[in-house]
Amino acid sequence: MISRLEAEDLARLREVGTEKPLDPGMIAAIDTAAGGPGEGRGYYVVNGSLYPVESRDYHLREDVAEAVFAAEGTSVGVTG
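Residues numbered from 1 in each chain as written. Predicted model: local features only at pLDDT ≥ 70, side-chain atom pairs only at ≥ 80, totals over all residues. Heavy atoms only, no water.

A. Representation of the side chain of Asp31 in the model. Tracing the chain through its elements places Asp31 in helix 2 (residues 24-34). Buried charge Asp31 goes without a salt bridge, the closest partner of opposite sign being Arg41 at 6.5 Å. In this structure, Asp31 is in contact with Gly36, Pro37, Gly38, Glu39, Gly40, Arg41 and Tyr44, ignoring residues within four places of it in sequence. (Helix = DSSP H or I, 4+ residues; strand = E, 2+ residues; numbered from the N terminus. Buried < 20%, exposed > 50% of the residue type's maximum accessible area, 1.4 Å probe, protein only. Lys, Arg positive; Asp, Glu negative; His and termini not counted. Salt bridge = Lys/Arg side-chain N within 4 Å of Asp/Glu carboxyl O. Contact = heavy atoms within 4.5 Å.)

B. Looking closely at helix 2. For helix 2, the set of buried residues is Met26, Ile27, Ala29, Ile30, Asp31, Ala33 and Ala34. Against helix 1 (7-16), strand 1 (44-46) and strand 2 (58-60) lie the buried residues of helix 2. Between the side-chain oxygen of the N-cap and the backbone nitrogen of Gly25 there are 2.9 Å, and the N-cap of helix 2 in question is Asp23. Gly35 lies just past helix 2 and shows a positive phi near 130 degrees. (Polar contact = N/O pair within 3.5 Å; in protein donor to acceptor, adjacent residues only side chain to side chain.)

C. How the structure looks around the confidence of the model for the protein. Averaged over all residues, the pLDDT of the protein is 87; the fraction at 70 or higher stands at 88%. Averaged pLDDT values over the elements of the protein bottom out at 85 in helix 3 (residues 62-72) and peak at 95 in helix 2. Note on residues 74-80: pLDDT is under 50 here. Beyond four places in sequence and across chains, it has 14 contacts. (pLDDT = per-residue confidence, 0-100.)

D. Fine view of the pattern of salt bridges. Applying the stated criterion across every chain yields a total of three salt bridges. Between Asp9 and Arg12 there is a salt bridge, with the nearest N and O atoms lying 3.6 Å from each other. Note that Asp9 and Arg12 are positioned in helix 1 at a spacing of three residues, about one turn of the helix. Judged by relative accessible area, Arg12 falls into the partly exposed class, the value being 33%. We note a salt bridge from Asp23 to Arg12, for which the minimum N-O separation is 3.2 Å. Remark: Arg12 occurs in helix 1 and Asp23 occurs in the loop between helix 1 and helix 2; sequence separation between them is eleven residues. A single network of salt bridges, built from pairs that share partners, joins Asp9, Arg12 and Asp23.

E. Looking closely at a nonpolar patch on the surface. A cluster of nonpolar side chains, Leu50, Tyr51 and Val53, forms an exposed patch at the surface whose accessible area comes to about 330 Å². Here Tyr51 shows up in the loop between strand 1 and strand 2. For Tyr51, a relative accessible area of 61% gives the class exposed. (Patch = residues over 30% accessible without salt bridge, like charges linked within 9 Å, V, L, I, M, F, W, Y side chains within 5 Å. Areas by Shrake-Rupley, 256 points an atom, 1.4 Å probe, with all protein chains shown as cover.)

Here it is as structure tokens:
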């Protein structure tokens, strides 16, 4: 999935780091790279409460984040 992300989307993921939740645009980009709407589920996970649904914070799964930052040659959580 990482290799199918647009370069600007990958750069945004690296810029945000692992501490901030994914915004809807990043979730859509991950879904698209994974094959279509909703296909990225599993690459990102809910951090915190599941309810209410509209308040969920999604973050990259830890091993996915490690791969994103390893591809850049930085450690997880290091931003620009």
